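Structural features, examined
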Amino acid sequence: MMRLFVYLLEGRDLAVKDSYVKLKVGKSKSKTRVLKNTRNPVWNEEFVFRVHDLEDELVLSVYQFNEDSGFFNVAGDLVGRVKIPVWSIVAEKNHYLPPTWFSLQNRKSLKSTTNKDYGKVLLTLSLQGRGEQVCSDHLLYVHPSCRAENTDEYGDKCVSSQDIFSCTPPTKKILEGKHLVKVIAGRLEKLFHKNEDASGTEDSSELSTTISDNEENLAEPTSNSNFEELIEMLQSSNEQKDMPENLEGGILLDQAYAIPPKDLNMLLFAPKSQFMRDLAELQGTTDVQEGPWTWKSADKSCLARVVTYPKAATKLVKTVKATEEQTYIKANGKEFIVFVDVNTPEVPYGNTFKVDLLYKITPGPELFSIEKSAHLVISWALNFHQSTMMKGLIERGARQGLKGSFEQFSDLLAKNLKVINLVNISDKGHTVATLQEERQSDWELATEYFWNFTVVAALFMVLYISFHIWLCGEFKLQGLEFDGLDLPDSVGEIITSAILVIQLEKVYDMVSHFVQARLKRGSDHGVKAQGDGWVLTIALIEGAKLASLDSTELPDPYVVFTCNGKSRTSSVKLQTLNPHWNEILEFDASEEPPSVLDVEVLDVDGPFDQACSLGHAEINFLKHTSTELADIWVPLDGKLAQSSQSKLHLRIFLNNTNGAETIRDYLKKMEKEVGKKLNLRSLHRNSAFQKIFGLPPEEFLISDFSCSLKRKMPLQGRLFLSARIVGFYANLFGHKTKFFFLWEDIEHIHELPPTLGTVGSPSLVIILSKGHGNDARHGAKYQDEEGRLHFYFHSFISFNVASRTVMALWRTRTLGPDQRAQIAEEQQDRDEKPSLFEDPSSYLIIQDAKLAKVLSVELPVNIRLVLQMFDGGDFEYRVMAKSGCLNYTTTAWEPVTPDVHERRISYKFDRSISVFGGEVTCTQQKMPFSSDGGWIVNEIMTLHDVPFGEYFRHVEQN
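What counts and what doesn't
- Residues numbered from 1 in each chain as written.
- Predicted model: local features only at pLDDT ≥ 70, side-chain atom pairs only at ≥ 80, totals over all residues.
- Heavy atoms only, no water.
- Salt bridge = Lys/Arg side-chain N within 4 Å of Asp/Glu carboxyl O.
- Helix = DSSP H or I, 4+ residues; strand = E, 2+ residues; numbered from the N terminus.
- Buried < 20%, exposed > 50% of the residue type's maximum accessible area, 1.4 Å probe, protein only.
- Pairing = 2+ DSSP bridges.
- Arc of directions from axis to C-beta.
- Contact = heavy atoms within 4.5 Å.
- Core = buried A, V, L, I, M, F, W, Y, C linked by side-chain atoms within 4.5 Å.
- Axes fitted to C-alpha atoms, helices over the stretch in contact; angles between N-to-C directions.
- Parallel < 35°, antiparallel > 145°, perpendicular 65-115°, else oblique.
- Left-handed = near helix turned anticlockwise from the far one by under 90°.
- UniProt positions renumbered as here; feature names shortened; annotations may be inferred.
- Phe/Tyr/Trp six-rings, centres within 6.5 Å; stacked < 30°, edge-to-face > 60°.
- Lys NZ or Arg CZ within 6 Å of the ring centre and 35° of its normal.

1. Observations concerning the pattern of salt bridges
- Tallying each qualifying case throughout the model produces 18 salt bridges.
- Arg788 is the salt-bridge partner of Glu786, the closest N and O atoms lying 3.5 Å from each other.
- Linking Glu876 and Arg903 is a salt bridge whose minimum nitrogen-to-oxygen distance equals 2.8 Å. Of this pair, Glu876 sits in helix H22 (residues 874-882) while Arg903 sits in strand E37 (residues 900-909); the two residues are 27 residues apart in sequence, bridging distant segments of the chain. Take Glu876 and Arg903: they sit in the same class, and that class is buried.
- Counted as one network, the salt bridges with shared partners bring together Arg681, Arg685, Asp704 and Arg718.

2. Observations regarding the pairing of strand E26 (residues 647-656)
- With seven of ten residues buried, E26 is to be regarded as a mostly interior element.
- Sheet topology places strand E19 (residues 534-544) next to E26; ten bridges connect them, and they run antiparallel. Pairing of Ala544 across the sheet is with Lys647, part of E26.
- In terms of strand pairing, strand E25 (residues 632-635) meets E26 through four bridges, oriented antiparallel. Across the sheet, Trp633 pairs through a bridge with His649, a residue of E26.

3. Overview of helix H7 (residues 274-282)
- Burial in H7 covers these residues: Phe275, Leu279 and Ala280. Viewed end-on, H7 has its buried residues packed into an arc of 135 degrees, placing them on one side of the element.
- The secondary structure elements touched by the buried residues of H7 are helix H6 (261-269) and helix H8 (391-416).
- Taken from the residues just after H7, Gly284 is the one with a positive phi, measuring 75 degrees.

4. Focus on the nonpolar core
- The biggest cluster of nonpolar side chains holds 44 residues, and the ones touching the most others in it are Leu268, Phe269, Tyr328, Leu357, Tyr359, Leu376 and Phe409.
- The biggest single contributor to this core is H8, with seven residues.
- With 39 residues, the next largest nonpolar core counts Leu719, Trp743, Ala780 and Phe791 among its residues.

5. Re the packing of H7 against H8
- The interhelical angle for the contact between H7 and H8, taken along N-to-C directions, is 135 degrees, at an axis separation of 10 Å. When the interaxial angle is binned, H7 and H8 end up oblique. Pair H7 / H8 crosses with right-handed handedness. Of the residues in H8, those touching H7 at Phe275, Asp278, Leu279 and Leu282 are Gln408, Phe409, Leu412, Leu413 and Asn416.

6. Quick notes on the UniProt feature "transmembrane region" (unreviewed entry) in the protein
- UniProt's entry tags residues 449-471 with the feature "transmembrane region" (unreviewed entry), counted in the numbering of this structure.
- Counting secondary structure, residues 449-471 comes out at 91% helix and 0% strand; the distance between its end C-alpha atoms is 33 Å.

7. Describing the pairing of strand E21 (residues 566-569)
- Pairing analysis gives four bridges linking strand E20 (residues 557-563) to E21, with the strands arranged antiparallel. Note that in E21 the partner of Val560 across the bridge is Thr569.
- Turn length for the E20-E21 hairpin, with the two strands adjacent in sequence and antiparallel, is two residues, and the turn residue Asn564 shows positive phi of about 55 degrees.

8. Here's the deal with the sheet that holds strand E24 (residues 612-620)
- Pairing is antiparallel in the open sheet, where four strands are placed in the order E21-E20-E23-E24. Each of the sheet's edge strands pairs with one partner strand only, and the pair in question is E21 and E24. The mean angle between the axes of side-by-side strands here comes to 20 degrees, regardless of whether they run parallel or antiparallel.

9. Quick word on the sheet that holds E26
- What the four strands build is an open sheet, ordered E22-E19-E26-E25; its pairing is antiparallel. Every other strand in the sheet has two partners, leaving strand E22 (580-590) and E25 as the edge strands with one partner each. Between one strand and the next, the sheet's axes are offset by a mean angle of 30 degrees, whatever the strand orientation.
- For E19 and E22, the ladder comprises seven bridges, and the chain directions are antiparallel. The residue bridging Leu536 from the neighbouring strand is Phe587, located in E22.

10. Some remarks on the side chain of Ser19
- Here Ser19 is to be found in strand E2 (residues 19-25).
- Excluding its chain neighbours within four sequence positions, the residues that come into contact with Ser19 are Leu14, Arg33, Val34, Leu35, Pro41, Trp43, Val62, Tyr63 and Phe65.

11. Comments concerning the packing of aromatic side chains
- This model, assessed by the stated rule, comprises 26 aromatic pairs.
- Taken together, a centroid distance of 6.2 Å and an interplanar angle of 85 degrees make the contact between Phe693 and Phe740 edge-to-face. Within this pair, whereas Phe693 is found in helix H17 (residues 683-693), its partner Phe740 is found in strand E30 (residues 735-742), the two being separated by 47 residues in sequence.
- Its relative accessible area of 8% is what places Phe693 among the buried residues.
- In this structure an aromatic cluster arises from ring pairing among Phe227, Phe269, Phe275, Trp293, Tyr328, Tyr359, Phe406 and Phe409.
- The lysine or arginine in question, Lys120, covers the ring of Trp101, its NZ or CZ lying 5.6 Å from the ring centre.
- Above the plane of the ring of Tyr792 lies Lys781, whose end atom (NZ or CZ) is 5.9 Å from the centre.

So, in structure tokens, the structure goes:
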């Protein structure tokens, strides 16, 4: 069975403006969409037909669209038709006909003697099937925006379907006879395999009997060039796509290579890749057939191809045929994501499962010796279409087979490319130990600095003159000399004395310069981090191409790092444009992870003996992964730095030394500021939050609120608050809007009263500082004259809670340590009762809530037995487990006032209780019932991950 791929690109000079095309091969039919108001339609559509006989014809008919066709959709008038025999494509090189213009013929034109022009269509044809050599050249698509430029490229190549079979004028019979003989000879040779090389000797222009002079010089485009064009077209359509997670089966390969991501993508997925050929030979695979890369959707957002090959036989399985469908999920020039669907139906139980592979090519760590590197991660998963008792055996076999195959893949790739060791780069202990070994002592630095011609020459002159004085005889007064005054006796002595003075002056300057540089290092250099929490460690490796303030002198650079209001200073490197520090600087532990690290490179010997900036940079921890920060080259900003292309080589490590306790302590501190209980969110919810905004794993969610973003039109979404960012996310019918900015970017926050535009809801206005938050510009309502972005949020379910939480987090994050300590003392002095409920305006007093009686019963039981349901013991856990509460946890009762105690509970619903599942967090308060010595238990229940759970709370009184 053979398949004919037909690519209908466009039409030109059609007789009608509203047209569509019908295609037919044998009994198979298909048609295009209707294009209106143009005589030069651009379809760019693909069709596939099964070919049972080489004598079949491809019949392409262009019709005029008739809007009055009615219910029965009667076809319009025939504009023209093209007939192409299938055998003519077999005669082409690789069974592939490049983009070619075909003239339309009409029944009237066949009867008339005049050749009337009905227009022409641009087609690309490819024939594939069993036993045939499949062409791996990519088929060319013509993008509508490039149509005017690219159409002329094959404007002269026009083939008429009538010309293939009809007679031609006598002036062209000799030329066309030669071409016809070549076509027939090539066809016979291919069909009977008389000559293997015959397929490469013909040109697609031999089918035409109206060959122009330009046709002889028309070369078929190479497959690699077409592949690059397709990737470039794909980049514009999926730049905003998110990075998918690794497949659940596990990681088969995780390695970085010294090659740009774009080149690695070409190496693995370009047509006729030499690497893939070598891999097939290594694995004993033969007869690999690569299909062309084609568009799977009309909007050109999905590029795919099919690769078939026989898998080599093993001890348990014979040789079987495997089919891979490779699909590009993302390609933006820096990141390439390819999803591969592998089917092996001939293996035992092969119809019940398929293997999925995910190739992720992303930018690797920046290395100064290498311009760019690529990080390749390959993950896999096994998906079952049908249930089978052999599932475990199939999983083990697939895992073992994939592991062996990709070990060979990794070894071959390592032979072709330089491997970068990610373990050593991201290992803080290894980095610190290595730099401590490489660090120079002060004595070594002094030796390196003073070992030069000036110091050696001065030392030589001092020794020479001292030795001369020692050899001289008794001093005699001559000329105008007297006791205590010895004048030079010759011009030579004057010159020698001058040289000695100049040399000693230079040596003195060098010594004072060296001492000044040692003193400039400061007391914070080399200080170890203290405390528990988030510890920031910076390994300052080297600098490259630093600028110089004076063209005649080299700078004496040192670096100042500032984070969370604290600074660390490196040592000074003397007289160098490419300094090597190899130093470790640590910041004391903090309760919250840092957001930004400010870096500034200074020259210790600036004008007026003041340090002068050679460049600066800002490193945002939220925009870099831990792997990227573990080895990064930071370009410096500033006029001097940018003109010199200055860079700093850093290795940055951010570690939490106290685990989850650091986050809990931070939330407890924020509870005093916010005035409500803040619970540690579940791993699933935190992971979803990090995935939405592409945040590093150390970022944790504090709170989130349903609200509307006010722009030209209100957009309903959700406001997320974490320790470092404010983020907004909305998904309206698949159109996603998301952005975030740092707390440090906020200059001012204020509230606006309700208006008609906010549907009677007050608004929270957040104003960013000038030049900050540019990545979130699309979410701002407007930008004022000073360049500040204004964000408007309204329609909160509880505006008071949202506003108080935002204001408290902003004040705590942006105020200095002294101001924070003062606020903390003021909070401790206040004797305020903690609020049980999240929204005091709604549920401040339990008696104000309208409670419906659900159950009322009187039983003759001991009060102590009933109270065991609320003491957190084994009895309570067993009762709640039988009630369908999973992962039930509770805290101890804590006194709020002398008579009131409080605790918190969390659990999950069993699916048998709630079809949605969901999580539950509860806050309970118990107090004595004065009348008969009993107890009153009040409970507030908040539901998570259930429909509309954020719009209500469950209030209960026992």
